[in-house]
Amino acid sequence: MADPALETSWGWVLAYGLLVILIGVFALLNPIATGFATGVFLAVALLIYGILAIAAGLSSLSRRARWIEILLGVLSLVAAAITFFNPFAGALTLVALIGAWLLIIGVFEIVGAFQSAHDRGWRLLLGVLDTVLGGLILFSDPATGLAFLALAVGLSFLLRGTFLIILAMGLRRIGKL
């Protein structure tokens, strides 16, 4: 017996998946807009965190380390303001953090590969790859950093959209049963 909810809901999931793919394509084709949007998103996240941290610090429920919460909240509000005025700086900061993380984790993977008896080749390959990629990202010019960010965001949206389309087709098939 067909499920009426599944018969109609799959279309919305399909539409959502197609929209997510379009956003992914736009992100890949326009690194500047992607960098700007990422910077604004970061600024909003910092603003929300800052407000909530200050509220937690001022709350009567907070007994310990009130000043730490308030200080973190104020620092987040300052970072949010700076990022709102220059969203590209916020986006490039994220790219630099990703590059630093890849560089550091790559070094640890290389060291771990020499200490491991299993999968040494794969661990070494991944470690070298992460180290090289992290170094390239970390020491690249801003345009390359924005291109990397656009690639990461665009691919994420493309894969997520593809998943949603596959999910929609599955829901459609189940709804017809």
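Residues numbered from 1 in each chain as written. Predicted model: local features only at pLDDT ≥ 70, side-chain atom pairs only at ≥ 80, totals over all residues. Heavy atoms only, no water.

Look at helix α3 (residues 66-85): 29 Å from first C-alpha to last across 20 residues, which is about the 28 Å you get at 1.5 Å a residue. Of all the residues in α3, the buried ones are Gly-73, Ser-76, Ala-80 and Thr-83. The buried residues of α3 all sit within an arc of 90 degrees when viewed along its axis, so they share a single face. Away from its buried face, by an angle of more than 90 degrees, α3 presents the exposed residues Trp-67, Ile-82 and Phe-85. Tucked into the core, α3 has its buried residues touching α2 (31-58) and α4 (87-115). (Helix = DSSP H or I, 4+ residues; strand = E, 2+ residues; numbered from the N terminus. Expected span 1.5 Å × (residues − 1). Buried < 20%, exposed > 50% of the residue type's maximum accessible area, 1.4 Å probe, protein only. Arc of directions from axis to C-beta. Contact = heavy atoms within 4.5 Å.)

When we look at a pair of aromatic rings, we describe it by the centre distance and by the angle of the planes. One pass over the full model with this rule turns up one aromatic pair. Considering the side-chain rings of Phe-36 and Phe-88, the 6.0 Å spacing of their centres and the 55 degrees angle between planes classify their relative orientation as tilted. Of this pair, Phe-36 sits in helix α2 while Phe-88 is found in helix α4, placing the two residues 52 residues apart along the sequence. Among the residues examined, Phe-36 registers a relative accessible area of 42% and is labelled partly exposed. (Phe/Tyr/Trp six-rings, centres within 6.5 Å; stacked < 30°, edge-to-face > 60°.)

Let us look at the side chain of Thr-83. Mapped onto the fold, Thr-83 is located in helix α3. For Thr-83, the contacting residues outside a window of four places in its chain are Gly-39, Leu-42, Ala-43, Leu-46 and Gly-90.

All right, on to the packing of α2 against helix α6 (residues 142-176) then. Two elements in contact, α2 and α6, have axes separated by 8 Å at closest approach and are oriented at 80 degrees. Here α2 is positioned roughly perpendicular relative to α6, judged by the angle of their axes. Side by side, α2 and α6 meet where Pro-31, Thr-34, Gly-35 and Thr-38 of the first sit next to Leu-146, Ala-147, Leu-149, Ala-150 and Val-153 of the second. Of the residues in the contact of α2 with α6, the class split is six nonpolar, three polar and no charged. (Axes fitted to C-alpha atoms, helices over the stretch in contact; angles between N-to-C directions. Parallel < 35°, antiparallel > 145°, perpendicular 65-115°, else oblique. Nonpolar A, V, L, I, M, F, W, Y, C, P; charged D, E, K, R; others polar.)

Interpretation note: all reported values are geometric properties and have no functional meaning in isolation.
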